[in-house]
Amino acid sequence: MRIDEQPRTRWPDLSAFRNRRPDLRLGSRRQRIDPAAATDGRIAVQHTVRTATAEYTLLLNAPAWLGRRGVGEALRDSVAELRAIDLTYGPNRPDSLVSRLRRGEISPDSYPPLADLVDRCTAMRAATDGWFDAWAVPGGFDPGGLLGGWAVERAAERLRAAGVHDYAVLSGADLVVRGHAPHGGPWRVAVHHPTAPERAPLVLEMTAGAVGTSGVTGRQGHVVDPHTGEPADHLVAATVVGPDLTIADAYATALYAAGPTGLSWFRGDSDYRALFAHRR
């Protein structure tokens, strides 16, 4: 499964990176976003929005021709998409499309976005040898293992449709980036080890890509082994990088459930790579 852009991620030499502050930090207790002034008169915006289930931070490095009104409209449209997905697809909401699908009141084809969500879950069940299985969750179909990534990617689509092609969208330990940061270079991302924050972070320079993580929330039993129905306990956390956050999120969830067995999914010509798969 591919998107319109291939990932452009570089692992620079850490010694050369020490004097260059990262734009974004993931997995650190001191997680932060370092502000930077936009270059060449571009418009830099940072906005955080909370829904009932998640918090999202959007960083836009918008072209000057779009104007502040145009940037504001792009931001509002993207935020509206995040809120709509939370309301419309949240499996914990009894009136959501996912809950109605569980009860047999509608079919996946009733709504095109719902059909896309179900298709993504089906594809990832095949790609992970059944370790990602939205139908093996107690209570019925639950796309939660990739729903957050799907929401971010759809919000990012809204930004691109409005003319914003340089941005980062973060949610917890997940992110999507495209284009360039406000300082004019690639987005500099420091990914901290999920269980050993004292270690030097893994450094990425990204102009297109995503990082998906499962297990860093500290919640026990939040991922179920689809083959046994019991909470997964092989790993403390799993982090995957690749082109699309929907898929990276699903891979991270599946890797968390499967443990080291899942590392075989990232061999060969896979567009995705496991950054962390830390044993419990």
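None of the values given here were measured: they were computed from a predicted structure.

**A short note on the pattern of salt bridges**
- In this structure the tally under the stated criterion is 12 salt bridges.
- One salt bridge connects Arg158 with Glu81, and the closest N-O pair in it is separated by 2.9 Å. Within this pair, whereas Arg158 is found in helix α5 (residues 144-161), its partner Glu81 is found in helix α2 (residues 67-89), the two being separated by 77 residues in sequence.
- Looking at Glu81, the relative accessible area reads 8%, which means it is buried.
- For Asp86, the salt bridge identified is with Arg93, shortest N-O distance 3.2 Å.

**Considerations on the packing of aromatic side chains**
- With the rule as written, the count across this model stands at six aromatic pairs.
- Summarising the aromatic geometry, the rings of Tyr251 and Trp265 are spaced 6.1 Å apart at their centres and angled 35° between planes, so their arrangement reads as tilted. Taken as a pair, Tyr251 in helix α6 (residues 245-258) and Trp265 in the loop between α6 and β10 (273-279) lie far apart in primary sequence, 14 residues in all.
- Looking at Trp265, the relative accessible area reads 9%, which means it is buried.
- When the centroid spacing of 6.2 Å and the interplanar angle of 65° are considered together, the rings of Trp265 and Phe266 count as edge-to-face.

**What about the environment of His47?**
- Counting through the fold element by element, His47 comes out in strand β3 (residues 43-50).
- Here His47 falls in the partly exposed class, since its relative accessible area comes to 31%.
- As a C-alpha pair, His47 and Val79 span 32 residues in sequence and 9.3 Å in three-dimensional space.
- Those residues within four positions of His47 in sequence are excluded, and the remaining contacts are Tyr56, Thr57, Leu58, Leu75 and Val79.

**Notes on the side chain of Asp249**
- Looking at the secondary structure, you find Asp249 in helix α6.
- Within the buried core, Asp249 has no salt-bridge partner, and the shortest N-O distance to an opposite charge, that of Arg120, equals 10 Å.
- Here the side chain of Asp249 touches Gly149 through a polar contact of 3.0 Å, landing on its backbone nitrogen.
- When sequence neighbours within four positions are dropped, the list of residues in contact with Asp249 reads Gly145, Leu146, Gly148, Gly149, Asp174, Gly212 and Thr213.

**Concerning the nonpolar core**
- Leu58 and Tyr89 are the most contacted members of the largest nonpolar core, which has 59 residues in total.
- Element by element, the count of residues in this core is highest for α6, at 11 residues.
- Apart from the residues lying within four places of it in its own chain, the contact partners of Tyr89 are Ala84, Ser96, Leu97, Val98, Pro113, Leu114, Leu117, Leu147 and Trp150.
- If you look at the next biggest cluster of nonpolar residues, it comprises 17 residues, including Leu24, Leu26, Trp187 and Val189.

Criteria and cut-off values
Residues numbered from 1 in each chain as written. Predicted model: local features only at pLDDT ≥ 70, side-chain atom pairs only at ≥ 80, totals over all residues. Heavy atoms only, no water. Salt bridge = Lys/Arg side-chain N within 4 Å of Asp/Glu carboxyl O. Helix = DSSP H or I, 4+ residues; strand = E, 2+ residues; numbered from the N terminus. Buried < 20%, exposed > 50% of the residue type's maximum accessible area, 1.4 Å probe, protein only. Phe/Tyr/Trp six-rings, centres within 6.5 Å; stacked < 30°, edge-to-face > 60°. Contact = heavy atoms within 4.5 Å. Lys, Arg positive; Asp, Glu negative; His and termini not counted. Polar contact = N/O pair within 3.5 Å; in protein donor to acceptor, adjacent residues only side chain to side chain. Core = buried A, V, L, I, M, F, W, Y, C linked by side-chain atoms within 4.5 Å.

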